[in-house]
Amino acid sequence: MQPSDIGLIGLAVMGENLALNMANHGFKVSVYNRTAERTRTLANGRAKGTTIQPTYDLKEFVASLAKPRRIFLMVQAGAPVDSVLAQLRPLLEAGDIVMDGGNSYYKDTERRTKEMEAAGFHYFGVGVSGGEAGALEGPCIMPGGSRAAYPLIEPILTAIAAKVSDGACVAYMGPGGAGHYVKMVHNGCEYAIMQLIAETYDVLRTAYGLGAVALADVFRRWNDGKLNSYLIEITAKVLAFVDPETKQPLVDLILDRAGQKGTGKWTSQDALDLGVTIPNIDAALWGRNISALKDERVHASTVLTGPRLPALPSDQAVLDTIEDALYTGIIISYAQAMAMLRAASHEYSYDLNLSEIARIWKGGCIIRSKLLDPIQAAFKRDPDLANLLVDSEFSGNLNQLQASVRSVVRQGIERGIPLPAFGASLAYFDSYRRAQLPVNLIQAQRDFFGAHTYQRIDRPGTFHTDWE
Ligand code: NBP
């Protein structure tokens, strides 16, 4: 039998769709899943008539692959990846290639890369974004690992990736855990943008009394303009969706309690380690965490009061201001994500190409948006741009747009609508643009109680004062 071009392990939603995507692009794909039932279901269902080759034990799976073997893991992140690698290692030969396409923590990927390379194998941590539809139709793919071995996997990844006008949404990110790192920050940015959209929804319904149907229309129109993006598009669709049973907008029937999986939290944790400021992503995390306290919030709502103001009339000018504010908040979210990637690139020697990252994020992934075109251009103009906010094009726009965020945040304050991500956007903008921050006072306090010393603006050196 003709050996397979690639093997895929893990046939839950992502793995199954990726295998079909590979087969649709003419590759012969061997598949394996721990629980044989899943493999059987795929073989007797969607894989019928395709080049997908089901296998039912790992030996058979490995033996079915062309050499050097290319194996794509799509199993749950964490211990399952180590377990599969331990089972695979004795079956592989030097030069074989393993790719982990799950949402693995980048430090795990760094460790696994060392272990696999020491055993003579190539190992890639491959960030994949796009959900189940993206996996089938073309995801955004962020591979990291050995540059020398990348050509061995590049043709398959390029074939299955989403396509935009300037190429496939895949590019070599950097060594070790670089691919999973970029995916992690992508997910952090996704959290921030989703939080900003949710806050916008809250302002429009709480301050202006718009219902789901009217809101769907607003988001649909916004998606035709500068906010054009996957997340705005699906927001319009979600708001328009009517529950078939109750005939009410389904969104109004959904419990307001969200969880957060690994990647968002890891982004904030790593930003703290790097000393990088990503308050929009932090805000999105605590916005989700506080939502989880549903019972406490229900109780608090009977004890604590906020301002009670009647809904305001909305007109085109109001909607334009809110559209500008959301657009600005999203720019600032991307700015924080890019600044974090730049810092990580220096700290971890990833040598990330930020313009190329913006380019591949334009298709397939959850944060794809029209805005990534000028972001790609900004980092092309200056690959080491310290912050998107000071790019020549963005700075001019932001100087105009900032008033819209101030207006929305003012509404939130006056009406008691919590706007953590809008507030964070504005505080970040105002902190970053200020040549002088009040930290001189903090330095003096630290020197007062801990003799931490300080520097002066009028002479060089390090100083300590006996303050009393
Ligand atoms: P899940 O993350 O739910 O993982 C289920 C798969 O892992 C099944 O194939 C399961 O096999 C396998 N598995 C587990 Br659980 N423990 C295992 C073990 N010890 N040994 C071998 N296999 C094991 O699936 P998913 O949602 O398709 O996601 C796959 C990966 O892609 C994850 O890392 C996820 O974070 C990432 N990702 C998901 C999305 C998305 O939208 N869902 C998007 C982007 C990335 P079984 O059938 O035998 O239980």
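Remember, it's a predicted structure, so these values are computed and weren't measured experimentally.

Draft legend 1. The arrangement of the layout of surface pockets in detail. Roughly 290 Å³ of volume is contained in the second largest pocket. Along the lines of polarity and charge, the residues of the lining of the second largest pocket split into 6 nonpolar, 4 polar and 1 charged.

Draft legend 2. Spotlight on the side chain of Ser 291. Mapped onto the elements, Ser 291 comes out in helix α12 (residues 279-291). In contact with Ser 291, not counting residues within four places along its chain, are Asp 256, Arg 257, Ala 258 and Arg 297.

Draft legend 3. Here's a closer look at the site of the ligand. The immediate surroundings of the ligand are formed by 21 residues, with Asn 33, Arg 34, Thr 35, Arg 38 and Asn 103 found nearest. Within the backbone of Leu 11, an N or O atom sits 3.3 Å from an oxygen atom of the ligand. Measuring from an oxygen atom of the ligand, one finds a backbone N or O atom of Gln 76 at 3.1 Å. Where the shell around the ligand is concerned, the elements lending two or more residues are α1 (13-24) and α4 (79-88).

Draft legend 4. How the structure looks around the domain arrangement of the protein chain. Looking at the protein chain, the domain boundaries give domain 1 (6-176), domain 2 (183-433) and domain 3 (438-468). On a C-alpha basis, the centroid separation for the pair domain 2 and domain 3 is 37 Å.

Draft legend 5. Region of interest: a nonpolar patch on the surface. A cluster of nonpolar side chains, contributed by Trp 286, Ile 290 and Leu 293, occupies part of the molecular surface with about 280 Å² of accessible area. Position of Ile 290 among the secondary structure elements: in helix α12. On the basis of relative accessible area, Ile 290 is assigned to the partly exposed category, the value being 41%.

Draft legend 6. Region of interest: helix α18 (residues 420-433). Between its first and last C-alpha, α18 extends 20 Å over 14 residues, near the 20 Å set by a 1.5 Å rise per residue. All of the buried residues in α18 are Pro 420, Ala 421, Phe 422, Ala 424, Ser 425, Leu 426, Tyr 428, Phe 429 and Asp 430. Each element contacted by the buried residues of α18 is listed here: α8 (178-207), α12, α14 (316-347) and α17 (392-415).

Draft legend 7. Molecular detail of the pattern of salt bridges. What the rule picks out here adds up to 27 salt bridges. A salt bridge links Asp 82 to Arg 111, with the nearest nitrogen and oxygen atoms 3.0 Å apart. Here Arg 111 lies in helix α5 (residues 106-118) and Asp 82 lies in helix α4, a separation of 29 residues in the sequence. Notably, a salt bridge pairs Glu 356 with Arg 359, separated by 3.0 Å at the nearest N-O pair. In this pair, Glu 356 and Arg 359 both sit in helix α15 (residues 354-360), 3 residues apart, roughly one turn of the helix. When its relative accessible area of 25% is taken as the criterion, Glu 356 is described as partly exposed. Relative accessible area serves as the criterion here: at 8%, Arg 359 is assigned to the buried category.

Draft legend 8. Structural view of the state of the cysteines. What the rule picks out here adds up to 0 disulfides. Cys 365 provides the cysteine sulfur closest to Cys 189, a residue in no disulfide bond, and the two sulfurs are 9.1 Å apart. Not engaged in a disulfide, the cysteine Cys 365 finds its nearest cysteine sulfur in Cys 140; these two sulfurs lie 4.6 Å apart.

Draft legend 9. Up close: empty space enclosed by the protein. Enumeration over the complete set of coordinates arrives at 1 cavity of 30 Å³ or more. When its volume is computed, the largest cavity comes out at roughly 100 Å³. Lining the largest cavity are 15 residues, and of these Ile 193, Ser 229, Ile 330, Tyr 334 and Ser 369 lie nearest its centre. Taken together, the elements giving at least two residues each to the lining of the largest cavity come down to α10 (230-240) and α14. Considered class by class, the residues forming the lining of the largest cavity number 11 nonpolar, 2 polar and 2 charged.

The rules behind the values
- Residues numbered from 1 in each chain as written.
- Predicted model: local features only at pLDDT ≥ 70, side-chain atom pairs only at ≥ 80, totals over all residues.
- Heavy atoms only, no water.
- 1 Å grid on protein atoms, 1.4 Å probe; cavity = no way out; pocket = protein on both sides within 12 Å on 5 of 7 lines; lining within 4 Å.
- Points joined across faces, edges and corners; volume = space filled by probe spheres on them.
- Nonpolar A, V, L, I, M, F, W, Y, C, P; charged D, E, K, R; others polar.
- Helix = DSSP H or I, 4+ residues; strand = E, 2+ residues; numbered from the N terminus.
- Contact = heavy atoms within 4.5 Å.
- Near = heavy atom within 4 Å.
- Polar contact = N/O pair within 3.5 Å; in protein donor to acceptor, adjacent residues only side chain to side chain.
- Domains from an automatic or database assignment.
- Patch = residues over 30% accessible without salt bridge, like charges linked within 9 Å, V, L, I, M, F, W, Y side chains within 5 Å.
- Areas by Shrake-Rupley, 256 points an atom, 1.4 Å probe, with all protein chains shown as cover.
- Salt bridge = Lys/Arg side-chain N within 4 Å of Asp/Glu carboxyl O.
- Buried < 20%, exposed > 50% of the residue type's maximum accessible area, 1.4 Å probe, protein only.
- Expected span 1.5 Å × (residues − 1).
- Disulfide = S-S within 2.5 Å.

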